[in-house]
Each structure stands twice: as structure tokens, then as C-alpha cells.
Amino acid sequence: SSGAWRDGAQFAAGGRRGFPRPGAAAAALTTEAPDHSKLPIRKHRVRQPKLSSSNSPKKAETSMAQPPPPRPAGYFEKKGEVHELRQLLRGASAERDQQKKRDAIKKVIAYMTLGIDVSPLFSEMVMASATTDLVQKKMVYLYLVNYAESNSDLAILAINTLQKDCRDDDPMIRGLALRSLCSLSLANMVEYLQPAVQRALEDVNGYVRKTAVIGVVKIFYINPSVVTETELLPSLKRLVNDNDAHVVSNTISALEEVLAAEGGYMPTEEVITGLLNRIMHFSEWGQCAILRLLTKYSVANEGEMFDIMNILDDLLKQSSSAVVLSVTKIFVDLTSNRPDIQQDVLMRLKGPLLTLMAASSMELAYTVLVHIHALISRGPRQVEVFQADFKQFFCRYNEPSYIKQVKIDILTMLADFNSAEHIVLELSEYVTEVDVEIARRAIRAIGTIAVHVPSTSEMIVSSLSNLLELDIDYVCTEAAVVMKDLVRKYPEQFQQASGAVQKCLKIVSEPDGKSALLWILGEYGLLIEDAPYLLEPMIDGFMEEPSGAVQLEMLTATVKLFFCRPPEVQKMLGRLLQEAIQECTHPDVRDRALLYYRLLQVSPEEARRVICAPKEVVEEFQEEMDADLKDRVFEEFNSLSTVYKQPASKFIQVSGSPFVATKMPPPPLEGEPPAGFAKPAPVNGGAAYAGDHQVPMVPSPSPETDLLGESGGGAGAAGAAGGAAGASVFGGP
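The rules we used
- Residues numbered from 1 in each chain as written.
- Predicted model: local features only at pLDDT ≥ 70, side-chain atom pairs only at ≥ 80, totals over all residues.
- Heavy atoms only, no water.
- Helix = DSSP H or I, 4+ residues; strand = E, 2+ residues; numbered from the N terminus.
- Buried < 20%, exposed > 50% of the residue type's maximum accessible area, 1.4 Å probe, protein only.
- Areas by Shrake-Rupley, 256 points an atom, 1.4 Å probe, with all protein chains shown as cover.
- Axes fitted to C-alpha atoms, helices over the stretch in contact; angles between N-to-C directions.
- Parallel < 35°, antiparallel > 145°, perpendicular 65-115°, else oblique.
- Left-handed = near helix turned anticlockwise from the far one by under 90°.
- Contact = heavy atoms within 4.5 Å.
- Nonpolar A, V, L, I, M, F, W, Y, C, P; charged D, E, K, R; others polar.
- Disulfide = S-S within 2.5 Å.
- Core = buried A, V, L, I, M, F, W, Y, C linked by side-chain atoms within 4.5 Å.
- Phe/Tyr/Trp six-rings, centres within 6.5 Å; stacked < 30°, edge-to-face > 60°.
- Lys NZ or Arg CZ within 6 Å of the ring centre and 35° of its normal.
- Salt bridge = Lys/Arg side-chain N within 4 Å of Asp/Glu carboxyl O.
- Patch = residues over 30% accessible without salt bridge, like charges linked within 9 Å, V, L, I, M, F, W, Y side chains within 5 Å.
- pLDDT = per-residue confidence, 0-100.
- Polar contact = N/O pair within 3.5 Å; in protein donor to acceptor, adjacent residues only side chain to side chain.
- Expected span 1.5 Å × (residues − 1).

Looking at the overall build of the protein chain
- Within the protein chain one finds 36 helices and two strands.
- In the protein chain, which comprises 733 residues, the proportion classed as buried is 46%.
- With the model as given, the accessible surface of the protein chain reaches about 38,500 Å², and the carbon-plus-sulfur share is 53%.

Next comes the structure, spelled out in C-alpha cells:
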């Protein structure tokens, strides 16, 4: 045995001294396995790379001893072969093991969510849908809907199963099958969809009817004529009076989409009566759908207007900003031709709006703020409503900049003789904000308040003079621009600010600020002692100035100053005109320099009369938005138009028909409202109004009570004080 091993070792070392004896080889197998690393290298074996001197065998063993990567757990541990999944599905079906079948379907859905194409399993999944397990049905229907479009020929296989499930005793299965059937979205399926949806619209279960309503919309987008030319549309309209609130909400939305080409669904008096009678039973989104539909209804008279407003008054207690803003739109639209009533209505709306403005969600707070801003911008009467609560719009340190900007704009409009001083002091604090845009807006707001409230001009000019002395570029720039506007309206106030101009010129680097300061130097050169010497360094750098607007203002200011102080400015003006005419490449600057040069060459007195003509005091500055655009945006109140301050046609493309503003038309003016009809209640309850007389407000009816007063002895829907029992909103019995 030892001799045989020696012979084997010699052979392994490369010596061809003969093959080992058979007996010796057998003995070697029984003792110890040979070291295969010492066997001769064959051609079919891969040569191992030699270790470098720096890599020791110990290191190589360490690198080879790395643990294998962890295997993923769950349904994703396989490679996802379709054949393997098919075997799992078929095996589970053959064994009739529901748990195993459910796991196999879960695995298919898991691979589908990963983006792996499992569409070849379509026929197996259709067969798997024949089960009573609701969980399996949901997963199978999800698969069918996902792959029906790419397997339109095989999708027909699922029709029989889905149609059978649409007649199941369980309403959940009926609704699920109908939803999946309508989601196939294939043109060749319409003949199967229409009877199923028509039958489901008359189902006894509300969930099935609600699903069928959405199914009508899906059919409409596949083939509109199937909906408009069959019984689907009349059946859908009948569901507006359904006893299930969710069905009614879906029906209103569906009708708006189906009838979009005709301007949407136009409600009748009977429909509005029924919806208002039950509006408190709807969810907040259902209430929004009803309120949106109500804007299309034309109110007949003031009595009906007060009825509707009193019904909707309870909705102002909602915490939903969508509902409160929808009610706000209706109230404002109904009273648009009655300013005195509208002011009372806005007093009622102020409390809910200010409450929503303080919401924890900054996005909701911003939405409410921009709508308050739109209301205030309508006129003085609307401003008066919120003037007493101006402190509610003071900015908090942790608010985002978009909210602070709207609040600053609102504070600017609310400022009056009594509140201007407090608001200006508050705005002055924002000048040192870290946010540069907020600081700029605050300075502009201070100037706007001075223009609108003349009694504050002296205080504000003094405040702006202090800002001009700050060593902050953007603050000095905005303060200079605002100061220029103020001295155009209040020339007598310039003396306070004259001392800050010299220091400000050394700091301001923005074109707007430079232009404003140059205008001040030209207009008030006699009042500023060092005006020529302040202007001279700017003239020396005329050709290095990148802004054409600054160069134009420099020309005008120098010529004006020349007429005030000729000896000091004459040489500077000559040098400036020479550079502007001969060296400047800006066409406007060169043309203006030629104009001034030729005017002065013809007649200095004529040039003075043209250039230094007396100017009228500015009373009002141009608004950022014209009145027509404001009216168009306000007609689209409670929409993105209010947020963007643009009509919807500017930022949205409406398919089918152009966007039509849904402003609710107010009732015609017919004198005093009839007796027995009340206006909305004040903020804290108490009395409502009917004409000029206060009457007690009837408490809100309970949800079980008929809001139209049809329960015996109750008050009407509008809370009409003193009304007879059984009175209808629309005057009927």
C-alpha cells in the first residue's frame, strides 16, 4: 500500500515510470483521497491564475471564504419563469387546495407588479376566476384588467365568468365583477357591457348602483353613442333622486362628464328641491358636487334666494374648506346685485373663513387666503368687513413665504386711518426678513399704504428714509423706488428724505434703484446740495453701465440738473452727450442724446420748456390687474383661477367645449322680499334678517326632519321665521 502510494506520487509529480498497479490504486482509495491540486494539468481544465508576490495563499483563502449573498424572501425568490407559474396554477387547481391556489395567484400578481410580463398566463388566470373566494377574485380581476388590452382576443374568455358574477347573490361580487367588466375598455366588449350596466343601474344594492354609474362613464369614453342613444342616459338621470347619497354624488359627476358637450347637466326645480332637502346626509365631496350643480340653477325671486341661503347656512360649520368656499361662492353670486345684503352675508362668512385660514395645513391656509384676497379686492364694502380683524393677517415666523406674501397683500388693502400705523410698524419688521422677496414686498406694501392713506405719508416717508440708510442693497433699492413714487404724489415730503440719497447712491447696484435715484437727482437737484458731485462719478462710468434704462435716466437727470445749476453741470453734460452720441451702441440712448443736443443747439429755453415741463401730482398708480380681468377671475371663484389670478382659459385646455364660468345668476330685483323669508343668521346665531326687520332665527332642523317643512308642524327648509307649517321652499303646498 505504501509502495503503491509512492508510485502514484511519482506519477503525479510528472514522472512517466509506469502506471500504478490496480491493487495499489484500490488500496489508496481505502486509505486517503489524493490531493487533486497536484494532478497534471489537462487541456480541458481552466488554468488557475498565479498568485502575485503581494497576495499570499492565506489571503486567497480568505477571499474565497466570503459568505454567499442573502436570498430574497417572499414571492420574489424565483426567477419568474412563466412555465413554473403555470405549473403552480395548474397544480393548485388539480389538487383543489384553496390556500395553495391563493398563494400561486399572489405570486403571479407579485411578478406583475415587478413589471415582469406574465400575460402568457391569461387563460390559466381566467380559469382561476371560477372561485367563490373573494380574495382570489379580486386578484384575478386585477390581472385581467391589466392585461386585457394586450390580449384582446383572449379577454373574451373572461366575459362569461364576469357576466355570471354580475348576477351573483353577493352584492360585493356583483359590484366587483361589474367594475372589472367595465375596466376592460375594449371596443368589442360594448355589446356585453351595455346590458350588464343597464341591469346594475336598477340593482337593489347601493354599492352596485354606484359602480354602474361609473361604468356608464367608461362606456361613454369607449363609444358615446351607446350611452346617448340607449336607455342608459335616462336611467342615469333618474338616479339623481336615488335614496343612496353615494349613488347621487357619483351620478351628478357622471352626468357632468357625459353631457359636457351640452354644457353639463342642467338641474330642474324638482331636482334642486330634493338635493337641498337631503344635503346634510351627503359626505363633504357629495355636498361639493351638489353645490357645484346648484350654481347652474336660476333662482326665481328673493324669497327663494333666502330659502337656499338659510339651508346652506349650516354647511358653514363644516371643517372642510371645499364646502365652505363653495357656499361662499353661492352666497356672493346670489347677492351680487344687492350690495347691502352682500355685506351682511360677508359678515356671516368672515368667521368660518378666518377659522379655516388658521388651519394646520399650510396649503389649505394659502387657498383660503387667496380667496379672502379675491373677496377684499372687490371694493370698499368688502374691505370694511375684514378691517376690524387686520391683526389676524399678521405673519408668523414659521409660515412659508407664499403665505406671507398673500398676507402682506391683504394687509395693504385693509389699511385705513385707524389701522395704518399698526400695519406699517408690522411691515417694517418684515424688512429684515431672511427671505429677500418678503422684505421687498413689505417695502412696496408700505409705499402702497402711503399712497392710499394720505394721513400716513409723513410717517412713512420718515420710515423709508431710515431704510435708505441701511447698508443692504436690496432694501435700499426698493426703498428708493418707493420713495420716487411717494415724492411724485407728495412733493412736499421730499425734504425729509434728501439726506439719505447721497449714502444710498453708494450702495444701490440694481438698475431699478439707480434709475429711481437718478430721477430724484434730476427733479430735486436744487434741494440736494451736492447733486452735481453725486452725479459726476456715475457720468464717468457711463460707458461701463450695462443697463440701457439707467443710461437713459442719467441723460435726462443731467439735462434737468443743467437747467437748475448750469455752471457746475455744463462740462459734465458736454462730456456725457459726446460719449452717448459717438461711442454708445444702444440705439435708444443715442437717439435721446441727439434729441437733447439738437434741442439745446436750437434754443436752451425751448429745451427747458420741453424737458422740464411742469408735472401734475399723481393721484393713483396703475393697478397690476385691470378691472375686466379681475371680474373674469372672480366669476371663477373657488377654482384654480383664483389661485393663479388668471382665467381658466389661460392655463387649461378643456376638451369638447370652451370653459364656461359657472357663476350663479342672482334673482331679479323685485323690491322688498316677501314676509316670512329670512336672511342668513349672524355669526353668533341670534336673529336673522327679513327686509329691515329682525326676526327670531329658527333652530336648524334635525337630520330626520324634512328640510322643506313637510313633516307636520315644522318650520320650512330655510328656517323661515313665523312661516306656516308645511311651507315649501318654492312656495308650493
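Quick notes on the packing of helix 23 (residues 401–414) against helix 24 (residues 420–430)
- Orientation of helix 23 relative to helix 24, taken along the N-to-C sense of each, is 155°, at an axis distance of 11 Å. Comparing the axis directions of helix 23 and helix 24 gives the class roughly antiparallel. When you trace helix 23 past helix 24, the crossing you get is left-handed. Counted together, Ile 408, Leu 411 and Leu 414 of helix 23 and Ile 423, Leu 427 and Tyr 430 of helix 24 form the full contact between these two elements.
- Residues belonging to the contact of helix 23 with helix 24 are distributed by class as follows: six nonpolar, no polar and no charged.

Comments concerning the state of the cysteines
- Applying the stated rule across the entire model yields zero disulfides.
- Cys 182 forms no disulfide, and the closest cysteine sulfur to it belongs to Cys 166, at a distance of 7.6 Å.

Regarding the nonpolar core
- Counting 204 residues, the largest nonpolar core has Tyr 143, Leu 312 and Phe 393 as the members making the most contacts within it.
- Sequence-distant contacts of Leu 312, that is, excluding residues within four places in its chain, are made with Leu 276, Ile 279, Leu 291, Leu 294, Val 327, Ile 330 and Phe 331.

A word on the packing of aromatic side chains
- Scanning all chains against the criterion turns up nine aromatic pairs.
- Judged by centre distance (5.7 Å) and plane angle (70°), the ring pair of Phe 220 and Tyr 221 falls under edge-to-face.
- On the basis of relative accessible area, Phe 220 is assigned to the buried category, the value being 15%.
- Classification of Tyr 221 as exposed rests on a relative accessible area of 57%.
- Ring plane angle 90° and centroid distance 5.4 Å describe the contact between Tyr 366 and Tyr 402, whose orientation is recorded as edge-to-face. Note that Tyr 366 is positioned in helix 21 (residues 362–376) and Tyr 402 in helix 23, a separation of 36 residues in sequence.
- A relative accessible area of 31% places Tyr 402 in the partly exposed class.
- Clustering of aromatic rings is evident, with ring pairs tying together Phe 122, Tyr 143 and Tyr 147.
- One residue, Arg 378, lies across the ring of Phe 634, its end atom 4.2 Å from the ring centre.

Regarding the pattern of salt bridges
- Tallying each qualifying case throughout the model produces 26 salt bridges.
- Across the pair Arg 565 and Glu 568 runs a salt bridge whose closest N-O atoms are separated by 2.9 Å.
- Between Glu 606 and Arg 609 there is a salt bridge, with its nearest N and O atoms 2.5 Å apart. A residue pair is termed a helical-turn pair when its members lie 3 or 4 positions apart in one helix, as Glu 606 and Arg 609 do in helix 34 (residues 604–611) at three residues.
- For Glu 606, a relative accessible area of 36% corresponds to the partly exposed category.
- Salt bridges here are not isolated pairs; linked through shared partners, they connect Glu 437, Arg 440, Arg 444, Glu 478 and Glu 510.

Some remarks on unusual backbone geometry
- Positive phi outside glycine occurs at Asn 638, with the angle close to 65°.
- Phi is positive for Lys 645, which is not a glycine, with a value near 60°.
- Turning to its location among the elements, Lys 645 is positioned in the loop between helix 36 (640–644) and strand 1 (687–690).
- Residue Lys 645 is classed as partly exposed on the basis of its relative accessible area, which comes to 32%.

Some thoughts on the side chain of Gln 551
- Tracing the chain through its elements places Gln 551 in helix 31 (residues 548–564).
- In contact with Gln 551, not counting residues within four places along its chain, are Phe 542, Glu 545, Cys 584, His 586 and Val 589.

Some details on a nonpolar patch on the surface
- Taken together, the side chains of Leu 640, Tyr 644, Phe 651 and Ile 652 make up a nonpolar region of the molecular surface, amounting to roughly 390 Å² of accessible area.
- You can call Ile 652 partly exposed: its relative accessible area is 44%.

Looking at the packing of helix 32 (residues 566–582) against helix 33 (residues 587–602)
- Viewed as axis vectors pointing N to C, helix 32 and helix 33 meet at an angle of 135°, and their least axial separation amounts to 8 Å. When the axes of helix 32 and helix 33 are compared, the pair comes out oblique. As for the relative orientation of helix 32 and helix 33, their crossing is left-handed in sense. When helix 32 is examined against helix 33, the residues Leu 573, Leu 577, Ala 580 and Ile 581 are found in contact with a partner set consisting of Val 589, Arg 590, Ala 593, Leu 594, Tyr 596, Tyr 597 and Leu 600.
- Of the residues in the contact of helix 32 with helix 33, the class split is ten nonpolar, no polar and one charged.

Some words on the environment of Ala 374
- Among the structural elements, Ala 374 can be located in helix 21.
- Using a relative accessible area of 12% as the deciding quantity, one classes Ala 374 as buried.
- In this structure, the C-alpha to C-alpha distance between Ala 374 and Lys 630, residues 256 residues apart in sequence, is 8.6 Å.
- Other than its neighbours up to four places away in sequence, Ala 374 contacts Phe 634, Phe 637 and Thr 642.

Section: the confidence of the model for the protein chain
- Summary statistics for the protein chain give a mean pLDDT of 78 and a share of 78% for residues scoring 70 or more.
- Segment residues 1–34 is flagged for pLDDT under 50; beyond a separation of four residues in sequence, or across chains, it makes twelve contacts in the model.
- Low confidence marks residues 48–65, where pLDDT is under 50. Its contacts with residues over four positions away, or in another chain, come to four contacts.

A few points about the environment of Gln 287
- Relative to the helices and strands, Gln 287 resides in helix 17 (residues 284–294).
- The spatial distance from the C-alpha of Gln 287 to the C-alpha of Ser 249 is 8.0 Å, given a sequence separation of 38 residues.
- Those residues within four positions of Gln 287 in sequence are excluded, and the remaining contacts are Ile 279, Met 280, Phe 282, Leu 315, Gln 318 and Val 323.
- In terms of polar contacts, Gln 287 uses its side chain to reach the backbone carbonyl oxygen of Ile 279, at 3.2 Å.

A word on helix 16 (residues 269–277)
- Taken together, the buried positions of helix 16 are occupied by Val 271, Ile 272, Thr 273, Leu 275, Leu 276 and Asn 277.
- Residues of helix 16 that are buried sit in contact with helix 15 (245–258), helix 17 and helix 18 (302–312).

Some points on helix 23
- Taking 1.5 Å per residue as the helical rise, helix 23 with its 14 residues ought to reach 20 Å, and the 20 Å between its terminal C-alpha atoms agrees with that figure.
- Ile 403, Lys 404, Val 406, Lys 407, Ile 408, Ile 410, Leu 411, Thr 412 and Leu 414 are the residues of helix 23 that are buried.
- Each element contacted by the buried residues of helix 23 is listed here: helix 21, helix 22 (380–387), helix 24 and helix 25 (436–452).

Describing the side chain of Thr 558
- One can find Thr 558 in helix 31.
- Of the residues examined, Thr 558 reaches a relative accessible area of 0% and is grouped as buried.
- In contact with Thr 558, not counting residues within four places along its chain, are Leu 535, Ile 539, Val 569, Leu 573 and Leu 576.

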